[in-house]
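Observations on the model geometry
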Amino acid sequence: LQKEPFDVLAELLTSQFGVDASLIKREAVLTELGLDSLTLMEFIFAAEDAFGLRIPEEKMDPTQAGLTLGAICDVIIEMKKSV
Amino acid sequence: MTANGVVVTGYAQVSALGLTLADFDQALLDARSGCQALDVALVGQDPFVAPVCASAFSQAGLIAPSKVPMDRATAMALSVAKAAVAHADLQLDNTERERLGVFWGSGMAGAYSFDNFSYALYVEHKRTRPTSVVTTMPNAPAAEISLFSQAQGASLSYACACASSSVAIGEALYAIKSGRIDVAIVGGSESMLTSAIVANWNAMRVLAAIKSDASQACRPFDANRTGFALGEGAGALIIESQAHAQRRGARALGLLSGYATNCDGHHITQPQAAGQVRVMRQALHMAGLQPSDIGYINAHGTATSAGDWAEAQSVAEVFGERGVAVSSTKSLHGHLLGAGGVVELMVCLRALETGVLPSTLNCDELDPKMALDVIQGQARHVKGLRHAMSNSFAFGGTNAALIVSAV
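Each value, and the rule that gives it
- Residues numbered from 1 in each chain as written.
- Chains lettered and ligands numbered in written order.
- Predicted model: local features only at pLDDT ≥ 70, side-chain atom pairs only at ≥ 80, totals over all residues.
- Heavy atoms only, no water.
- Helix = DSSP H or I, 4+ residues; strand = E, 2+ residues; numbered from the N terminus.
- Rg over C-alpha atoms; globule rule 2.2 N^0.38 Å.
- Buried < 20%, exposed > 50% of the residue type's maximum accessible area, 1.4 Å probe, protein only.
- Contact = heavy atoms within 4.5 Å.
- Lys, Arg positive; Asp, Glu negative; His and termini not counted.
- Charge placed at Lys NZ, Arg CZ, Asp CG, Glu CD.
- pLDDT = per-residue confidence, 0-100.
- Phe/Tyr/Trp six-rings, centres within 6.5 Å; stacked < 30°, edge-to-face > 60°.
- Lys NZ or Arg CZ within 6 Å of the ring centre and 35° of its normal.
- Salt bridge = Lys/Arg side-chain N within 4 Å of Asp/Glu carboxyl O.
- Buried area = accessible area lost by both parts, 1.4 Å probe.
- Polar contact = N/O pair within 3.5 Å; in protein donor to acceptor, adjacent residues only side chain to side chain.
- Nonpolar A, V, L, I, M, F, W, Y, C, P; charged D, E, K, R; others polar.
- Axes fitted to C-alpha atoms, helices over the stretch in contact; angles between N-to-C directions.
- Parallel < 35°, antiparallel > 145°, perpendicular 65-115°, else oblique.
- Left-handed = near helix turned anticlockwise from the far one by under 90°.
- Core = buried A, V, L, I, M, F, W, Y, C linked by side-chain atoms within 4.5 Å.

Here we look at the overall build of chain B
From N to C terminus, chain B includes 12 helices and 16 strands. Its C-alpha atoms give chain B a radius of gyration of 20 Å, near enough to 22 Å, the size a compact globule of 407 residues would have. For chain B, the spread of C-alpha atoms along the three principal axes comes to 60 × 55 × 40 Å. Buried residues in chain B amount to 60% of all 407 residues. If you take every contact in chain B between residues at least 6 apart in sequence, the share linking residues at least 24 apart comes to 79%. With 27 positive and 32 negative side-chain charges, chain B shows a spacing of 4 Å between the two charge centroids.

What follows is the structure, encoded as C-alpha coordinates:
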(Lines give C-alpha, C1' and ligand atoms only; values in the text may rest on other atoms or scores of the structure.)
Protein backbone atom coordinates (compact mmCIF):
# COMPACT_ATOMS: atom_id res chain seq x y z
CA LEU A 1 0.00 0.00 0.00
CA GLN A 2 1.49 3.32 -1.06
CA LYS A 3 1.62 6.03 1.57
CA GLU A 4 -0.33 9.23 1.05
CA PRO A 5 1.93 12.20 0.17
CA PHE A 6 0.90 13.97 3.35
CA ASP A 7 2.02 11.01 5.46
CA VAL A 8 5.37 10.87 3.67
CA LEU A 9 5.95 14.57 4.40
CA ALA A 10 4.82 14.12 8.00
CA GLU A 11 7.25 11.26 8.50
CA LEU A 12 10.10 13.33 7.04
CA LEU A 13 9.30 16.17 9.42
CA THR A 14 9.22 13.96 12.50
CA SER A 15 12.13 11.64 11.68
CA GLN A 16 14.60 14.10 10.15
CA PHE A 17 13.61 17.47 11.54
CA GLY A 18 12.38 16.52 15.00
CA VAL A 19 8.95 18.12 14.55
CA ASP A 20 6.38 17.07 17.14
CA ALA A 21 3.85 14.84 15.36
CA SER A 22 0.93 16.53 17.15
CA LEU A 23 1.79 19.83 15.41
CA ILE A 24 1.72 18.38 11.91
CA LYS A 25 -1.43 19.53 10.14
CA ARG A 26 -2.24 20.68 6.59
CA GLU A 27 -2.57 24.28 7.76
CA ALA A 28 0.69 24.24 9.74
CA VAL A 29 3.09 26.97 8.61
CA LEU A 30 6.51 25.37 8.13
CA THR A 31 8.47 28.18 9.72
CA GLU A 32 6.25 27.81 12.77
CA LEU A 33 7.23 24.15 13.04
CA GLY A 34 10.78 25.21 13.85
CA LEU A 35 12.18 25.21 10.32
CA ASP A 36 14.22 28.23 9.30
CA SER A 37 15.00 29.31 5.73
CA LEU A 38 17.88 26.82 5.45
CA THR A 39 16.21 23.78 6.99
CA LEU A 40 13.03 24.58 5.03
CA MET A 41 15.05 24.28 1.82
CA GLU A 42 16.56 21.04 3.12
CA PHE A 43 13.05 19.75 3.80
CA ILE A 44 11.85 20.63 0.31
CA PHE A 45 14.91 18.91 -1.21
CA ALA A 46 14.22 15.83 0.92
CA ALA A 47 10.54 15.87 -0.12
CA GLU A 48 11.43 16.23 -3.80
CA ASP A 49 13.85 13.31 -3.52
CA ALA A 50 11.24 11.20 -1.73
CA PHE A 51 8.81 11.68 -4.64
CA GLY A 52 11.43 11.79 -7.38
CA LEU A 53 10.40 15.21 -8.69
CA ARG A 54 11.48 18.85 -8.74
CA ILE A 55 9.02 21.56 -7.87
CA PRO A 56 9.51 24.49 -10.27
CA GLU A 57 9.62 27.95 -8.70
CA GLU A 58 6.56 29.10 -10.62
CA LYS A 59 4.51 26.44 -8.83
CA MET A 60 5.84 27.23 -5.38
CA ASP A 61 8.21 29.82 -3.95
CA PRO A 62 9.85 28.20 -0.93
CA THR A 63 10.75 31.62 0.46
CA GLN A 64 7.17 32.89 0.52
CA ALA A 65 5.87 33.83 3.95
CA GLY A 66 3.28 31.58 5.51
CA LEU A 67 4.01 28.52 3.33
CA THR A 68 1.95 25.68 4.73
CA LEU A 69 2.47 21.95 4.69
CA GLY A 70 -0.82 21.58 2.86
CA ALA A 71 0.34 23.91 0.07
CA ILE A 72 3.48 21.81 -0.51
CA CYS A 73 1.43 18.65 -0.36
CA ASP A 74 -1.04 19.94 -3.00
CA VAL A 75 1.75 20.88 -5.39
CA ILE A 76 3.27 17.41 -5.01
CA ILE A 77 -0.09 15.69 -5.57
CA GLU A 78 -0.70 17.80 -8.67
CA MET A 79 2.75 17.08 -10.06
CA LYS A 80 2.45 13.36 -9.37
CA LYS A 81 -0.82 13.26 -11.37
CA SER A 82 0.83 14.86 -14.39
CA VAL A 83 3.76 12.40 -14.38
CA MET B 1 44.11 21.05 45.72
CA THR B 2 44.86 24.60 44.70
CA ALA B 3 42.31 27.27 45.44
CA ASN B 4 41.60 27.99 41.78
CA GLY B 5 41.65 24.36 40.76
CA VAL B 6 39.63 23.05 37.83
CA VAL B 7 37.82 19.77 38.39
CA VAL B 8 36.27 17.16 36.14
CA THR B 9 32.69 16.49 37.19
CA GLY B 10 31.38 14.29 34.38
CA TYR B 11 32.43 12.34 31.33
CA ALA B 12 31.18 10.06 28.58
CA GLN B 13 32.54 8.40 25.49
CA VAL B 14 31.59 6.26 22.52
CA SER B 15 34.17 4.18 20.70
CA ALA B 16 34.89 0.58 19.80
CA LEU B 17 35.16 0.04 23.57
CA GLY B 18 31.41 0.53 23.88
CA LEU B 19 28.81 3.16 24.51
CA THR B 20 28.57 3.07 28.31
CA LEU B 21 31.03 3.62 31.13
CA ALA B 22 30.55 0.01 32.27
CA ASP B 23 31.47 -1.28 28.80
CA PHE B 24 34.46 1.06 28.70
CA ASP B 25 35.78 -0.15 32.08
CA GLN B 26 35.28 -3.80 31.17
CA ALA B 27 36.97 -3.51 27.79
CA LEU B 28 39.96 -1.78 29.41
CA LEU B 29 40.16 -4.38 32.19
CA ASP B 30 39.94 -7.29 29.75
CA ALA B 31 42.11 -5.60 27.10
CA ARG B 32 39.38 -6.39 24.58
CA SER B 33 40.24 -5.12 21.13
CA GLY B 34 37.54 -3.51 19.04
CA CYS B 35 39.64 -3.96 15.93
CA GLN B 36 38.36 -5.64 12.79
CA ALA B 37 39.58 -6.11 9.23
CA LEU B 38 38.06 -3.83 6.60
CA ASP B 39 38.37 -4.85 2.95
CA VAL B 40 38.76 -1.82 0.72
CA ALA B 41 38.38 -2.22 -3.03
CA LEU B 42 38.16 1.04 -4.97
CA VAL B 43 38.44 1.47 -8.72
CA GLY B 44 41.94 2.64 -9.57
CA GLN B 45 43.41 1.56 -6.22
CA ASP B 46 45.17 -1.63 -5.27
CA PRO B 47 42.77 -3.52 -2.98
CA PHE B 48 43.91 -3.75 0.62
CA VAL B 49 42.77 -4.84 4.06
CA ALA B 50 42.99 -2.31 6.91
CA PRO B 51 42.54 -2.71 10.66
CA VAL B 52 39.75 -0.46 11.90
CA CYS B 53 38.00 -0.02 15.24
CA ALA B 54 34.41 0.94 14.45
CA SER B 55 31.94 2.01 17.10
CA ALA B 56 28.47 0.48 17.50
CA PHE B 57 27.14 4.03 17.84
CA SER B 58 23.99 4.71 15.81
CA GLN B 59 22.73 8.19 15.05
CA ALA B 60 19.25 6.96 14.12
CA GLY B 61 16.64 9.12 15.81
CA LEU B 62 19.18 11.73 16.95
CA ILE B 63 18.21 15.14 15.61
CA ALA B 64 20.53 18.13 15.77
CA PRO B 65 19.37 21.19 17.71
CA SER B 66 19.83 23.09 14.42
CA LYS B 67 17.77 20.44 12.58
CA VAL B 68 20.60 20.28 10.05
CA PRO B 69 21.63 16.73 9.07
CA MET B 70 24.56 15.70 11.23
CA ASP B 71 27.86 14.23 10.19
CA ARG B 72 28.45 10.94 12.03
CA ALA B 73 31.18 12.57 14.14
CA THR B 74 28.88 15.47 15.03
CA ALA B 75 26.18 13.04 16.12
CA MET B 76 28.71 11.22 18.29
CA ALA B 77 29.87 14.55 19.72
CA LEU B 78 26.36 15.69 20.58
CA SER B 79 25.56 12.31 22.11
CA VAL B 80 28.58 12.25 24.44
CA ALA B 81 28.17 15.93 25.33
CA LYS B 82 24.61 15.25 26.48
CA ALA B 83 25.72 12.16 28.38
CA ALA B 84 28.57 14.05 30.09
CA VAL B 85 26.19 16.85 31.14
CA ALA B 86 23.91 14.20 32.65
CA HIS B 87 26.86 12.41 34.31
CA ALA B 88 27.97 15.70 35.87
CA ASP B 89 24.37 16.46 36.87
CA LEU B 90 24.95 19.89 35.35
CA GLN B 91 21.60 21.67 35.35
CA LEU B 92 21.91 23.79 32.23
CA ASP B 93 18.85 25.88 33.14
CA ASN B 94 20.62 26.95 36.31
CA THR B 95 23.94 27.59 34.60
CA GLU B 96 25.01 31.09 33.64
CA ARG B 97 25.23 30.62 29.87
CA GLU B 98 27.65 33.50 29.32
CA ARG B 99 30.11 31.66 31.55
CA LEU B 100 29.64 28.28 29.86
CA GLY B 101 31.98 27.38 27.00
CA VAL B 102 32.42 24.62 24.45
CA PHE B 103 35.95 23.59 23.47
CA TRP B 104 36.09 20.82 20.93
CA GLY B 105 38.78 18.95 19.03
CA SER B 106 38.68 17.18 15.73
CA GLY B 107 41.25 16.13 13.19
CA MET B 108 39.05 15.71 10.12
CA ALA B 109 35.63 16.89 11.27
CA GLY B 110 32.99 16.52 8.60
CA ALA B 111 35.18 14.26 6.49
CA TYR B 112 32.72 11.36 6.64
CA SER B 113 29.91 13.44 5.16
CA PHE B 114 32.16 15.36 2.81
CA ASP B 115 33.29 12.07 1.32
CA ASN B 116 29.71 10.81 1.00
CA PHE B 117 28.52 14.11 -0.52
CA SER B 118 31.35 14.09 -3.04
CA TYR B 119 30.53 10.50 -3.98
CA ALA B 120 26.89 11.46 -4.46
CA LEU B 121 27.90 14.38 -6.70
CA TYR B 122 30.65 12.85 -8.78
CA VAL B 123 29.57 9.22 -8.99
CA GLU B 124 25.83 9.09 -8.40
CA HIS B 125 25.25 12.49 -10.05
CA LYS B 126 22.86 13.58 -7.31
CA ARG B 127 22.43 17.22 -6.48
CA THR B 128 24.06 18.61 -3.40
CA ARG B 129 21.99 19.64 -0.39
CA PRO B 130 21.40 23.15 0.94
CA THR B 131 22.86 22.13 4.32
CA SER B 132 26.04 20.45 2.99
CA VAL B 133 28.26 23.33 4.09
CA VAL B 134 27.03 23.44 7.66
CA THR B 135 27.01 19.65 7.97
CA THR B 136 30.67 19.36 6.98
CA MET B 137 32.16 22.50 8.51
CA PRO B 138 34.88 21.61 11.03
CA ASN B 139 33.16 23.48 13.86
CA ALA B 140 29.83 21.69 13.37
CA PRO B 141 30.33 19.50 16.49
CA ALA B 142 31.09 22.52 18.69
CA ALA B 143 28.22 24.45 17.11
CA GLU B 144 25.62 21.75 17.78
CA ILE B 145 26.87 21.27 21.36
CA SER B 146 26.68 25.04 21.84
CA LEU B 147 23.10 25.07 20.53
CA PHE B 148 22.10 22.15 22.75
CA SER B 149 23.66 23.68 25.85
CA GLN B 150 23.05 27.33 24.85
CA ALA B 151 26.66 28.04 25.76
CA GLN B 152 27.45 31.70 25.19
CA GLY B 153 30.90 31.97 26.75
CA ALA B 154 32.88 30.35 23.95
CA SER B 155 32.48 27.88 21.10
CA LEU B 156 35.92 26.97 19.88
CA SER B 157 37.18 24.21 17.64
CA TYR B 158 40.73 22.93 17.59
CA ALA B 159 42.28 21.04 14.70
CA CYS B 160 45.70 19.76 15.70
CA ALA B 161 45.40 16.22 14.37
CA CYS B 162 45.97 13.63 17.12
CA ALA B 163 46.34 16.30 19.82
CA SER B 164 43.10 18.15 18.99
CA SER B 165 40.96 17.18 21.97
CA SER B 166 43.88 17.35 24.42
CA VAL B 167 44.48 20.92 23.31
CA ALA B 168 40.75 21.69 23.50
CA ILE B 169 40.67 20.44 27.10
CA GLY B 170 43.82 22.33 28.03
CA GLU B 171 42.73 25.60 26.48
CA ALA B 172 39.40 25.34 28.30
CA LEU B 173 41.34 24.78 31.51
CA TYR B 174 43.15 28.07 30.90
CA ALA B 175 39.90 29.86 30.03
CA ILE B 176 38.45 28.78 33.40
CA LYS B 177 41.63 29.57 35.32
CA SER B 178 41.74 33.05 33.77
CA GLY B 179 38.21 33.71 35.04
CA ARG B 180 36.64 34.13 31.57
CA ILE B 181 34.24 31.25 32.12
CA ASP B 182 33.24 28.94 34.99
CA VAL B 183 32.39 25.69 33.25
CA ALA B 184 33.04 24.02 29.92
CA ILE B 185 31.93 21.10 27.82
CA VAL B 186 35.17 19.81 26.33
CA GLY B 187 36.33 16.91 24.24
CA GLY B 188 36.58 15.73 20.69
CA SER B 189 35.09 13.54 18.01
CA GLU B 190 36.16 11.75 14.88
CA SER B 191 34.53 9.48 12.35
CA MET B 192 36.49 8.76 9.22
CA LEU B 193 35.98 5.11 8.38
CA THR B 194 34.89 5.61 4.76
CA SER B 195 36.71 3.68 2.06
CA ALA B 196 38.31 6.82 0.63
CA ILE B 197 39.62 8.13 3.94
CA VAL B 198 40.93 4.72 4.98
CA ALA B 199 42.64 4.54 1.56
CA ASN B 200 44.31 7.90 2.22
CA TRP B 201 45.69 6.63 5.52
CA ASN B 202 46.71 3.35 3.94
CA ALA B 203 48.60 5.19 1.22
CA MET B 204 50.62 6.90 3.94
CA ARG B 205 51.81 3.46 5.09
CA VAL B 206 51.03 4.08 8.74
CA LEU B 207 48.32 1.43 9.17
CA ALA B 208 49.19 -1.84 10.87
CA ALA B 209 49.66 -4.95 8.78
CA ILE B 210 47.18 -7.75 9.47
CA LYS B 211 48.94 -11.10 9.59
CA SER B 212 46.10 -13.36 10.66
CA ASP B 213 43.85 -11.67 13.21
CA ALA B 214 43.01 -7.95 12.96
CA SER B 215 42.89 -7.66 16.75
CA GLN B 216 46.61 -8.46 16.83
CA ALA B 217 47.62 -5.95 14.17
CA CYS B 218 48.19 -2.84 16.30
CA ARG B 219 51.15 -3.55 18.63
CA PRO B 220 52.25 -0.48 20.63
CA PHE B 221 55.86 -0.61 21.87
CA ASP B 222 56.22 -4.15 20.56
CA ALA B 223 59.40 -5.09 18.71
CA ASN B 224 57.25 -6.16 15.73
CA ARG B 225 54.95 -3.12 15.55
CA THR B 226 53.90 -1.96 12.09
CA GLY B 227 51.45 0.88 12.69
CA PHE B 228 47.99 1.67 13.98
CA ALA B 229 44.35 0.83 13.46
CA LEU B 230 42.00 3.68 12.56
CA GLY B 231 39.25 4.19 15.11
CA GLU B 232 36.18 6.35 15.46
CA GLY B 233 34.48 7.80 18.48
CA ALA B 234 33.96 10.79 20.72
CA GLY B 235 34.52 11.76 24.31
CA ALA B 236 33.31 14.65 26.43
CA LEU B 237 34.19 15.97 29.85
CA ILE B 238 32.52 18.59 31.99
CA ILE B 239 35.20 20.72 33.63
CA GLU B 240 34.57 23.60 35.97
CA SER B 241 36.20 25.78 38.55
CA GLN B 242 36.33 24.18 41.94
CA ALA B 243 34.28 27.09 43.28
CA HIS B 244 31.56 26.52 40.67
CA ALA B 245 31.50 22.79 41.42
CA GLN B 246 31.22 23.47 45.14
CA ARG B 247 28.45 26.04 44.66
CA ARG B 248 26.29 23.54 42.83
CA GLY B 249 27.25 20.60 45.05
CA ALA B 250 28.88 18.61 42.23
CA ARG B 251 31.13 15.67 42.95
CA ALA B 252 34.67 16.05 41.58
CA LEU B 253 35.91 13.01 39.69
CA GLY B 254 39.42 14.36 39.32
CA LEU B 255 41.45 17.54 39.33
CA LEU B 256 42.71 18.73 35.97
CA SER B 257 46.06 19.67 37.43
CA GLY B 258 48.43 20.03 34.52
CA TYR B 259 48.47 20.88 30.85
CA ALA B 260 51.01 22.00 28.36
CA THR B 261 51.19 22.27 24.61
CA ASN B 262 54.11 23.11 22.38
CA CYS B 263 55.40 22.29 18.93
CA ASP B 264 58.37 20.41 17.57
CA GLY B 265 58.81 22.90 14.72
CA HIS B 266 60.66 20.12 13.01
CA HIS B 267 58.72 17.92 10.58
CA ILE B 268 55.15 17.44 9.32
CA THR B 269 54.91 13.83 10.54
CA GLN B 270 58.16 12.81 12.20
CA PRO B 271 57.99 13.20 15.97
CA GLN B 272 60.88 14.56 17.98
CA ALA B 273 61.63 13.47 21.54
CA ALA B 274 62.96 16.89 22.59
CA GLY B 275 59.56 18.61 22.15
CA GLN B 276 57.85 15.79 24.01
CA VAL B 277 60.29 16.07 26.90
CA ARG B 278 59.59 19.79 27.14
CA VAL B 279 55.82 19.40 27.01
CA MET B 280 55.72 16.74 29.76
CA ARG B 281 57.99 18.86 31.98
CA GLN B 282 55.85 21.94 31.36
CA ALA B 283 52.70 20.04 32.35
CA LEU B 284 54.41 18.73 35.51
CA HIS B 285 55.51 22.27 36.33
CA MET B 286 51.97 23.61 35.99
CA ALA B 287 50.70 20.84 38.27
CA GLY B 288 53.49 21.50 40.78
CA LEU B 289 54.54 17.86 40.56
CA GLN B 290 57.76 15.90 40.30
CA PRO B 291 58.09 13.09 37.73
CA SER B 292 58.01 10.56 40.58
CA ASP B 293 54.51 11.76 41.53
CA ILE B 294 53.02 10.38 38.29
CA GLY B 295 51.77 6.81 38.76
CA TYR B 296 50.55 6.10 35.25
CA ILE B 297 50.99 7.43 31.74
CA ASN B 298 48.55 6.72 28.96
CA ALA B 299 51.03 7.05 26.14
CA HIS B 300 50.34 8.43 22.72
CA GLY B 301 51.63 5.00 21.65
CA THR B 302 50.41 4.79 18.07
CA ALA B 303 52.48 1.64 17.35
CA THR B 304 54.38 3.25 14.49
CA SER B 305 58.07 2.57 14.44
CA ALA B 306 59.16 6.20 14.74
CA GLY B 307 56.35 7.39 17.03
CA ASP B 308 56.81 4.81 19.76
CA TRP B 309 60.58 5.12 19.66
CA ALA B 310 60.46 8.90 20.12
CA GLU B 311 58.01 8.57 23.00
CA ALA B 312 60.05 5.80 24.65
CA GLN B 313 63.05 8.12 24.66
CA SER B 314 61.17 11.16 25.92
CA VAL B 315 59.37 9.29 28.71
CA ALA B 316 62.62 7.66 29.84
CA GLU B 317 64.33 11.05 29.85
CA VAL B 318 61.66 12.74 31.98
CA PHE B 319 60.76 9.84 34.30
CA GLY B 320 63.98 7.82 34.28
CA GLU B 321 64.44 4.39 32.80
CA ARG B 322 61.42 2.22 33.63
CA GLY B 323 60.44 5.03 36.01
CA VAL B 324 56.67 5.00 35.51
CA ALA B 325 53.95 2.56 34.46
CA VAL B 326 53.01 3.19 30.83
CA SER B 327 50.40 1.73 28.54
CA SER B 328 48.93 2.52 25.18
CA THR B 329 45.26 1.66 24.77
CA LYS B 330 45.30 2.36 21.03
CA SER B 331 45.44 -1.38 20.32
CA LEU B 332 41.96 -1.54 21.90
CA HIS B 333 40.11 1.52 20.56
CA GLY B 334 42.28 2.36 17.60
CA HIS B 335 43.64 5.76 16.70
CA LEU B 336 40.78 8.12 17.45
CA LEU B 337 42.62 11.14 16.05
CA GLY B 338 40.65 14.16 17.28
CA ALA B 339 38.89 12.09 19.94
CA GLY B 340 42.08 10.34 21.07
CA GLY B 341 43.19 12.82 23.70
CA VAL B 342 39.88 12.97 25.53
CA VAL B 343 39.16 9.22 25.46
CA GLU B 344 42.69 8.48 26.66
CA LEU B 345 42.36 11.09 29.42
CA MET B 346 39.17 9.27 30.41
CA VAL B 347 41.28 6.12 30.75
CA CYS B 348 43.42 8.06 33.25
CA LEU B 349 40.35 9.37 35.10
CA ARG B 350 38.93 5.85 35.36
CA ALA B 351 42.32 4.63 36.62
CA LEU B 352 42.15 7.23 39.44
CA GLU B 353 38.70 5.92 40.32
CA THR B 354 39.17 2.15 39.91
CA GLY B 355 42.92 1.63 40.40
CA VAL B 356 43.02 -0.36 37.16
CA LEU B 357 45.92 0.47 34.87
CA PRO B 358 45.03 -1.12 31.51
CA SER B 359 47.58 -3.24 29.74
CA THR B 360 49.00 -2.68 26.28
CA LEU B 361 47.35 -5.33 24.16
CA ASN B 362 49.78 -6.98 21.73
CA CYS B 363 52.92 -5.65 23.37
CA ASP B 364 54.12 -9.24 23.66
CA GLU B 365 57.79 -8.52 23.12
CA LEU B 366 58.77 -5.06 24.27
CA ASP B 367 61.13 -3.39 21.82
CA PRO B 368 64.52 -4.09 23.48
CA LYS B 369 65.69 -0.53 22.75
CA MET B 370 63.01 0.87 25.06
CA ALA B 371 63.70 1.44 28.75
CA LEU B 372 60.01 1.63 29.58
CA ASP B 373 57.81 -0.04 32.19
CA VAL B 374 55.09 -0.97 29.69
CA ILE B 375 52.10 -2.72 31.25
CA GLN B 376 51.89 -6.01 29.36
CA GLY B 377 49.56 -8.98 29.64
CA GLN B 378 47.10 -8.37 32.46
CA ALA B 379 45.91 -4.99 33.66
CA ARG B 380 47.75 -3.78 36.74
CA HIS B 381 45.75 -3.08 39.92
CA VAL B 382 47.19 -0.31 42.07
CA LYS B 383 46.11 1.37 45.29
CA GLY B 384 46.33 5.07 45.93
CA LEU B 385 47.02 6.29 42.41
CA ARG B 386 47.27 10.07 42.79
CA HIS B 387 48.34 11.45 39.43
CA ALA B 388 48.14 10.22 35.83
CA MET B 389 49.31 11.75 32.57
CA SER B 390 47.98 11.48 29.03
CA ASN B 391 50.23 12.27 26.08
CA SER B 392 49.18 13.32 22.60
CA PHE B 393 51.76 13.96 19.90
CA ALA B 394 50.34 15.05 16.58
CA PHE B 395 51.11 15.29 12.90
CA GLY B 396 52.12 18.87 12.38
CA GLY B 397 54.36 18.73 15.44
CA THR B 398 51.81 19.78 18.07
CA ASN B 399 52.47 18.09 21.42
CA ALA B 400 50.13 18.08 24.40
CA ALA B 401 50.31 16.56 27.86
CA LEU B 402 47.49 16.55 30.39
CA ILE B 403 47.64 15.53 34.06
CA VAL B 404 44.69 14.48 36.19
CA SER B 405 44.92 14.07 39.94
CA ALA B 406 42.82 12.39 42.58
CA VAL B 407 40.71 14.74 44.71
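Quick look at the overall build of chain A
Broken down by element type, chain A carries three helices and zero strands. Counting from the amino terminus, helix and strand elements in chain A follow one another as α-α-α. For a compact globule of 83 residues, the expected C-alpha radius of gyration is about 12 Å, and chain A comes in at 12 Å, within 12% of that figure. Projected onto its principal axes, the C-alpha positions of chain A cover 30 × 30 × 20 Å. Going through the 83 residues of chain A one by one, you find that 45% of them count as buried.

Concerning the confidence of the model for chain A
Taken residue by residue, chain A gives an average pLDDT of 92. The fraction at 70 or more is 98%. Taking the mean pLDDT of every element in chain A, the minimum, 93, falls on helix H3 (residues 69-82) of chain A and the maximum, 96, on helix H1 (residues 5-17) of chain A.

Here's the deal with the packing of aromatic side chains
Aromatic rings in a pair are described by how distant their centres are and how their planes are angled relative to each other. Tallied over the entire structure, the rule returns four aromatic pairs over all chains. Measuring from ring centre to ring centre gives 5.8 Å for Trp201 of chain B and Phe228 of chain B, while their planes differ by 70 degrees; the resulting arrangement is edge-to-face. Highlighted residues: Trp201 of chain B in helix H7 (residues 195-203) and Phe228 of chain B in the loop between H7 and strand E7 (230-231), separated in sequence by 27 residues. The pair Trp201 of chain B / Phe228 of chain B is uniform in exposure class, with both members buried. Over the aromatic face of Phe45 of chain A sits the side chain of Arg127 of chain B, whose NZ or CZ is 3.9 Å from the ring centroid. The positively charged end of Lys369 of chain B is found above the aromatic ring belonging to Trp309 of chain B, 5.0 Å away from the centroid.

Let's talk about the pattern of salt bridges
Within this structure, the stated rule accounts for 21 salt bridges over all chains. Two residues, Asp74 of chain A and Arg26 of chain A, come together in a salt bridge whose shortest N-O distance is 2.9 Å. One end of the pair, Asp74 of chain A, is in helix H3; the other, Arg26 of chain A, is in the loop between H1 and helix H2 (37-51), and 48 residues separate them in sequence. Salt-bridge contacts for Arg225 of chain B lead to Asp308 of chain B; the nearest nitrogen and oxygen are separated by 3.8 Å. With Arg225 of chain B in the loop between H7 and E7 and Asp308 of chain B in helix H10 (residues 305-319), the pair connects residues that are 83 residues apart, well separated along the chain. Taken individually, Arg225 of chain B and Asp308 of chain B each receive the classification buried, so the pair is uniform in this respect. By sharing partners, the salt bridges in this structure join Glu42, Glu48 and Asp49 of chain A together with Arg127 and Arg129 of chain B into a single network.

Quick notes on the interface of chain A and chain B
At the interface, 17 residues of chain A touch 11 residues of chain B. For the chain A and chain B pair, buried surface summed over both sides reaches about 1200 Å², with 55% attributable to carbon and sulfur atoms. Looking at the side of chain A facing chain B, the largest losses of area belong to Leu38, Glu42 and Phe45 of chain A, adding up to 46% of the total buried there. Inspection of the chain A/chain B interface yields four salt bridges. A salt bridge links Arg127 of chain B to Glu48 of chain A; the nearest nitrogen and oxygen atoms lie 2.8 Å apart. At the surface where chain A touches chain B, the tally comes to seven residue pairs in polar contact (both at pLDDT 80 or more). Only H1 and H2 of chain A provide two or more residues apiece to the side of chain A that touches chain B. The element that contributes the greatest number of residues to the side of chain A that touches chain B is H2 of chain A, accounting for eight residues. Looking at the side of chain A that touches chain B, its residues break down into seven nonpolar, six polar and four charged.

A look at the packing of H1 of chain A against H2 of chain A
Packed helices, taken two at a time, are described by the angle between their axes plus the distance between the axes. Residues and elements named next belong to chain A. Put simply, H1 and H2 touch, their axes get as near as 10 Å, and they point 130 degrees apart. Judged by the inter-axis angle, H1 sits oblique to H2. Between H1 and H2 lies a crossing whose hand is right-handed. Judged by residue contacts, Pro5, Val8, Leu9, Leu12, Leu13, Gln16 and Phe17 of H1 engage Thr39, Glu42, Phe43, Ala46, Ala47, Ala50 and Phe51 from H2. Across the contact of H1 with H2, the residue classes break down as 11 nonpolar, two polar and one charged.

Here we look at the nonpolar core
Judged by nonpolar contacts, the single largest core of 70 residues is most densely connected at Phe103, Val198, Trp201, Leu230, Leu237 and Ile239 of chain B. The dominant element in this core, judged by the number of residues it contributes, is helix H12 (residues 340-354) of chain B, at nine residues. Not counting chain neighbours up to four residues away, the residues in contact with Leu237 of chain B comprise Val8, Gly10, Tyr11, Ile169, Ala184, Ile185, Val186, Val342, Leu345, Met346 and Leu349 of chain B. By size, the runner-up hydrophobic cluster in this structure holds 28 residues, among which are Leu33, Leu53, Leu67 and Ile76 of chain A.

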